[in-house]
Amino acid sequence: MKKKVLVFSRASSAEVMADLRERYELSVFLDPLGADREAFVAALADADGLIGAGSKLDESVLQHAPKLQVISTISAGYDNYDVAYLKQRGIRLTNTPDAVTETTADTGFMLLMMTARRAVELATLVREGEWKASIGEAHFGVDVHGKRLGIIGLGRIGAAVARRAHFGFGMSILYSGHSDKPQYEEEFGARRLPMDALLGEADFVCVCVPLSAETHHLIGEREFGLLRKEAIFINIARGPVVDETALVAALKAGKFRGAGLDVFQKEPLPGDSPLLALPNLVALPHIGSATHEARELMARTAADNLIAVLDGREPAYPVEL
Ligand code: NAP
């Protein structure tokens, strides 16, 4: 008899879905915690595996899945899961880190460039027919090349952003985190500093840490107060790593030059968010990995993880619980 797998929230690529459908009895729930909740919870009763992304599947949901062996998240981050609970239940969790690294780093560097050169603000001016004279000082941006980039969380994505910055734009790299990264010190001259010192030295700060109890509101009023007046702040990690209220207050008070965000406390970002009233804020709709190529690779990687666990093999990307 075929094992039962539920696809949740994010439909996978057609090719990967066809592969999964051949192997398993497959059901798809695009809104598992909303419109499809009742049917999803009922289907959990005999589910062997879950694959998807974007829904917070906690104990209140997973308690209905007594047979569950694996959750394969189609994402690098796994902050939607209570890892202690999964460990206690013996449920394997897998993710897709390498599949998103380069694409998310592209997004991070794009945000950095967009914010430094005021790309959204100035492109809107052209589109609205307001480009009436040669652009003057009031609309100038700041250079990116040759500046100092501080990476908070020099992991896979942080290092990929740093390579773009160092080899492409001649930037020097500072980092903060738990441990020395001698491989990156050698590769692109990264220099480790305590986070407070990094915030005070960098021209650009890019946050690349996973969201956890430790990193929740890692950057708040005190930290924004340490930034240089000319600094630009980028968050491509997760929204709750930043205290958004403090960010709005700091930008309004002109404590630093601007911010570029791909992630928010609440997603989708409500249209009346005070962030959107700030001209020096570039907001993207959580598109770190949103390319055809990355999403296809993520779907394939996640499916391979799921298949490995259900076959009794070790998956390529287990999350250490
Ligand atoms: P990773 O390889 O695990 O790297 C994370 C790094 O963060 C590690 O080097 C770790 O340092 C560091 N870190 C952890 N806690 C820290 C803290 N309190 N202070 C400073 N550094 C800390 O993960 P990754 O693949 O680069 O992904 C990072 C995160 O990006 C994911 O968890 C996800 O939330 C987010 N992400 C966002 C998007 C998007 O669409 N915007 C896409 C993909 C991923 P140590 O090694 O020293 O512990």
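Residues numbered from 1 in each chain as written. Predicted model: local features only at pLDDT ≥ 70, side-chain atom pairs only at ≥ 80, totals over all residues. Heavy atoms only, no water.

Looking at an unreviewed UniProt entry, one finds the chain named Phosphogluconate 2-dehydrogenase and attributed to Pseudomonas kuykendallii. Of the comments in the UniProt record for the chain, the one headed Sequence similarities (unreviewed entry) reads "Belongs to the D-isomer specific 2-hydroxyacid dehydrogenase family." (UniProt positions renumbered as here; feature names shortened; annotations may be inferred.)

Engineer: I keep staring at the site of the ligand and nothing clicks. Help me out?
Structural biologist: Around the ligand lies a shell of 27 residues, among which Ile157, His178, Ser179, Lys181 and Asp262 are the nearest. One nitrogen or oxygen atom from the side chain of His286 is found 3.1 Å from an oxygen atom belonging to the ligand. Gly288 places a main-chain nitrogen or oxygen 3.3 Å from an oxygen atom of the ligand. Elements with a minimum of two residues in the shell around the ligand: α5 (97-116) and α7 (156-169). Its residues assigned to classes, the shell around the ligand shows 10 nonpolar, 12 polar and five charged. (Near = heavy atom within 4 Å. Polar contact = N/O pair within 3.5 Å; in protein donor to acceptor, adjacent residues only side chain to side chain. Helix = DSSP H or I, 4+ residues; strand = E, 2+ residues; numbered from the N terminus. Nonpolar A, V, L, I, M, F, W, Y, C, P; charged D, E, K, R; others polar.)

Engineer: Whenever I open this one, unusual backbone geometry confuses me. Can you help?
Structural biologist: As a rule of thumb, non-glycine residues mostly have phi less than zero, and peptide bonds are mostly trans rather than cis. The peptide bond linking Glu267 to Pro268 adopts the cis configuration, its omega dihedral lying at -5 degrees. The backbone phi angle of Arg118 is positive, close to 55 degrees, even though this residue is not glycine. With respect to the element layout, Arg118 can be found in the loop between α5 and α6 (119-127). Note on Arg118: relative accessible area 19%, which makes it buried. (Buried < 20%, exposed > 50% of the residue type's maximum accessible area, 1.4 Å probe, protein only.)

Engineer: What am I meant to see in the pattern of salt bridges here?
Structural biologist: Oppositely charged side chains can form a pair if their charged atoms are brought close together. Under the definition given, this model contains 21 salt bridges. Across the pair Arg238 and Asp79 runs a salt bridge, and its minimum N-O distance is 3.0 Å. With Arg238 in the loop between β10 (232-235) and α11 (244-252) and Asp79 in the loop between β4 (70-73) and α4 (83-89), this residue pair connects regions lying 159 residues apart in the sequence. A salt bridge links Asp311 to Arg313; its shortest N-O distance comes to 3.2 Å. Given the relative accessible area of 46%, Arg313 is considered partly exposed. Within this structure, Asp19, Arg23, Arg300 and Asp304 form a network of salt bridges that share partners. (Salt bridge = Lys/Arg side-chain N within 4 Å of Asp/Glu carboxyl O.)

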